[in-house]
Each structure stands twice: as structure tokens, then as C-alpha cells.
Amino acid sequence: MKMMQPPANYPIDAFHALVRDAIWEVFDQVQAPDALVAGSALTAMAIACQANVDVMLPSGLRRPTSLFMALIGQSGERKTTVDDLISAPIHAYDQKHAASDAEKQAHYKASLRIWHAVDNALQRKLDKAAQGTADPEQYREKLIEHGRQKPERPAPKQVIYQSITERPILEALHGNGKSIAILSDEGETVLNGGAMKKMGNLNKAWDGKPLSLDLVDVHVRVVDPRVTISFMVQEEVLNEFLGKRGRIARGSGHLARYLMAWPASTVGFR
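**A short note on helix α3 (residues 79-86)**
And then number 1: Turning to α3, its buried residues number three or more, namely K79, V82, D83 and I86. Projected down its long axis, α3 carries its buried residues within an arc of 100 degrees, all on one side.
And then number 2: Buried residues along α3 sit in contact with α1 (17-30), α2 (34-49), α4 (88-131), β6 (179-184) and β9 (226-233).

**Structural notes on a nonpolar patch on the surface**
And then number 1: A contiguous nonpolar surface patch, about 210 Å² in accessible area, is contributed by V55, L57 and L61.
And then number 2: Here L61 lies in the loop between β1 (54-56) and β2 (62-64).

**Focus: the packing of α2 against α3**
And then number 1: Running from N to C, α2 and α3 point in directions that differ by 40 degrees, and their axes come no closer than 9 Å. The pairing of α2 with α3 is recorded here as oblique in orientation. In this structure, α2 crosses over α3, and the sense of that crossing is right-handed. Contacts from L36, V37, S40, A41 and A44 of α2 reach α3 at K79, V82, D83 and I86.

**So, the sheet that holds strand β10 (residues 258-261)**
And then number 1: What the five strands build is an open sheet, ordered β4-β6-β9-β3-β10; its pairing is parallel. Only two strands of the sheet have a single partner each, and these edge strands are β4 (160-161) and β10.
And then number 2: Judged from the six bridges that link them, β6 and β9 form a sheet pairing that is parallel. By the bridge assignment, S179 is partnered in β9 with R226.
And then number 3: Most of the contacts of helix α6 (residues 166-173) go to β6, to which it runs at about 145 degrees, and overall it touches β4, β6 and β9.

**Here we look at the pairing of β6**
And then number 1: With six of six residues buried, β6 lies mostly within the body of the structure.
And then number 2: Across the two faces of β6 the burial is the same, with S179, A181 and L183 and I180, I182 and S184 all buried.
And then number 3: Across two bridges, the pairing between β4 and β6 is parallel. Looking across to β6, one finds that I160 is bridged to A181.

**Section: the side chain of K79**
And then number 1: Note that K79 resides in helix α3.
And then number 2: Residue classification places K79 among the buried residues on the basis of a relative accessible area of 4%.
And then number 3: Dropping the residues within four chain positions of it, K79 is found in contact with L36, S184, D185, S230, F231 and M232.

Rules of the game
- Residues numbered from 1 in each chain as written.
- Predicted model: local features only at pLDDT ≥ 70, side-chain atom pairs only at ≥ 80, totals over all residues.
- Heavy atoms only, no water.
- Buried < 20%, exposed > 50% of the residue type's maximum accessible area, 1.4 Å probe, protein only.
- Helix = DSSP H or I, 4+ residues; strand = E, 2+ residues; numbered from the N terminus.
- Arc of directions from axis to C-beta.
- Contact = heavy atoms within 4.5 Å.
- Patch = residues over 30% accessible without salt bridge, like charges linked within 9 Å, V, L, I, M, F, W, Y side chains within 5 Å.
- Areas by Shrake-Rupley, 256 points an atom, 1.4 Å probe, with all protein chains shown as cover.
- Salt bridge = Lys/Arg side-chain N within 4 Å of Asp/Glu carboxyl O.
- Axes fitted to C-alpha atoms, helices over the stretch in contact; angles between N-to-C directions.
- Parallel < 35°, antiparallel > 145°, perpendicular 65-115°, else oblique.
- Left-handed = near helix turned anticlockwise from the far one by under 90°.
- Pairing = 2+ DSSP bridges.

Below is the structure:
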């Protein structure tokens, strides 16, 4: 993949006036590529509304307002700085709920240990009954009731993730209408990470389709998910990814879901 000619200016003037003015303000302050600033604005808007707003397609289908965005550029283009400025309220939301998330996890782990202790005790009684003359059926209702009381892992309120694999994605989306975003200024962590090993799940999340994960220790059900992805990737890293997994990414329709931009670099021209 090679840039054939200098890219045109990003159509920032096509944005709503308030958004347009905010983009130009950040652009003047940071001097990052115009597509990077505009892309960060689109990302922030998608994150802010994807849990509450759907779009109605001409076909009549409803789809999330989530976005997948990929920007081709070199390290040092200040994507993190731009994201921090534009998405400051979202980062503040994550920081606000970080302590309560940790507290909920602590309570969950304690409740789970108690549940396992009772489960082990019931199992010992069941084994003893099966080996003796007692009827194991006497424990059926207790086992059923105990199974119903197994604590459920609380879903974190965290919205923004830097790097995440398949299982944590589904656990974060567990429930109905949960919303997350994967943001990174190092696209290699996204393209070569665990999330991309199951591009079909990301495709379904982009469409708002149900997802599930059934393992020995976890059962996750995701309904009406909301996922936005935005990353910057070096040309060499993207070419390597396309060489290894491009056929799958194209064939599955995953690449077609991205808004992509390749702006001229402003590194060294501040």
C-alpha cells in the first residue's frame, strides 16, 4: 500500500458548526493532521451516543451509531494528545467509576468464594450419600437453588480500552446495550491483538448483533452491543497485517466497516 498522491484536505467544513469550530480549535492548538483531529471528533461523538441512538438505514434496518476508524500515520502524530483533549469527558467518566468498579469486583470475588465453599460442602454431602445408604435425591432442590444463587460478575462501567482480547470484550459487553470503545495510537496492538483473532465477533458488534461465550468457568450473553474502534497504524504495520490476514479481513467484510484516512504527516512542522 503506497500513497499515490498528496491527500486532499479532510472535509472539516462539512461538520455541524459547533463540531467544526471545536475541530479547528484542537487543530490550531495541537497541529496534528486534520484527518486525525476530525477522526477523533467522530470517534468521541460515536462513543457518546452509541448506547442511546440508532440510525435507520434506507432499507429500514436499524443499526448502532458505532464507528470503526483507522488512520494511517507515523508514531508521534499526537493521536493520544488529540484523543485526550476531545474525549476528556469520557476519560473523566472512566476515572469517576474506576473506584466503584474495583469495589464491586472485590465484593464479587468474596461472594464467589463463599459460593464455592458452600458448593464444595454440598458436593461432599452428595458424595457421602452416594457412597452410603442415604438417597442423593434429597439434595436435588438444594443443588438447584444453590446453582441459581451463583454470583454474577459485575460488568465494569469502563468505556475506553487501549488493548483488549476477545473474552474481556464480551465480558465488558455482557448484558443488554452495553457500550465500549477501543482506542489506540499504536494500531499494532489492535491489529495483532486478541480481538482481531475473532473478527466475526467485531463484525457482529458493529451491526449490534447478539454475541455469546460459553466456557467452563464463564457464560456470557451479549445483546444489542455497542463497540467503537479507533486507532492509528504505521504503513508498514498495516501492510504486514494485510499480508498475513488481509484475505480474511476483506472476505469477512471487516475492512469494509472502517472509515480510513491517510493524511500528510505534520511531524517536524509544528
